[in-house]
Amino acid sequence: MFTGLVEEVGSVEKLERLDEAVRLTVRGPKVTADAQPGDSIAVDGVCLTVVEAAGDVFTADVMQETLNRSRLGSYEVGSNVNLERALAAGARMGGHIVQGHVDGVGELISRESSEHWDVLRFSLPEQLTRYIVEKGSIALNGTSLTVSAVSADYVEVSLIPTTLAETTFGELAVGEPVNMEVDVVAKYVEKMVAGYH
């Protein structure tokens, strides 16, 4: 489990394309400082299991299911990624519950910048609309964000300078894809009330 509070921006060092899989090597000095094989690290919001860790890089295997459901398949060597280690027991819960299980991929469709914040609008896969509410939480590329506006086909977030500086959102260009994970609580509520219809 994660909180959606990005610890650092890392970079893709190596991509080994295998049969229906990718072996991904990522540089991230902070998240690899205590990483051991078997640990979980979120890469742009995708929970990956550390296979190897040495120095300031770690390697993880990415299966086809993950490639199909996320933007991980579009990475290139040098791509910047948001990184977060799994939540430690007893740690503060500053963001929201993020599982690292991507629900869909959207793309940045507009960006409005001002002196103190940027408003980013993302396309929204139709199947996710029902889980998103204004002022609720959404994880975009693994970052816990508050929804400032939502419609049938887009979701909007307003980002402060700190978020823009400490995540990949400062450099995200219109047309680029993002991993989306909706609040898991909404999915559980939907399943629980389904029997009452």
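Note that the structure is predicted; figures quoted are calculated from it, not measured.

**Considerations on the environment of A35**
Step number 1: With respect to the helices, strands and loops of the structure, A35 is situated in the loop between helix 1 (29–32) and strand 3 (40–43).
Step number 2: On the basis of relative accessible area, A35 is assigned to the buried category, the value being 10%.
Step number 3: Between the C-alpha atoms of A35 and E52, which are 17 residues apart in sequence, the distance is 8.7 Å.
Step number 4: Setting aside residues up to four positions removed in sequence, A35 forms contacts with I41 and A53.

**Things to note about the pairing of strand 12 (residues 177–182)**
Step number 1: Judged by how many residues are buried, strand 12 sits mostly within the fold: 5 of 6 residues are covered.
Step number 2: Sheet topology note: the strand 7 (residues 104–113)/strand 12 ladder contains 4 bridges and is antiparallel. In the sheet register, G104 faces strand 12, and the bridge partner there is M180.

**Overview of the UniProt feature "repeat: Lumazine-binding" (unreviewed entry) in the protein chain**
Step number 1: UniProt marks residues 1–96 and 97–193 with the feature "repeat: Lumazine-binding" (unreviewed entry), using the numbering shown here.
Step number 2: Regarding residues 1–96, the helix share stands at 10% and the strand share at 46%, and the terminal C-alpha atoms are separated by 10 Å.
Step number 3: Summarising residues 97–193: 16% helix, 41% strand, and an end-to-end C-alpha distance of 21 Å.

How each quantity is defined
Residues numbered from 1 in each chain as written. Predicted model: local features only at pLDDT ≥ 70, side-chain atom pairs only at ≥ 80, totals over all residues. Heavy atoms only, no water. Helix = DSSP H or I, 4+ residues; strand = E, 2+ residues; numbered from the N terminus. Buried < 20%, exposed > 50% of the residue type's maximum accessible area, 1.4 Å probe, protein only. Contact = heavy atoms within 4.5 Å. Pairing = 2+ DSSP bridges. UniProt positions renumbered as here; feature names shortened; annotations may be inferred.

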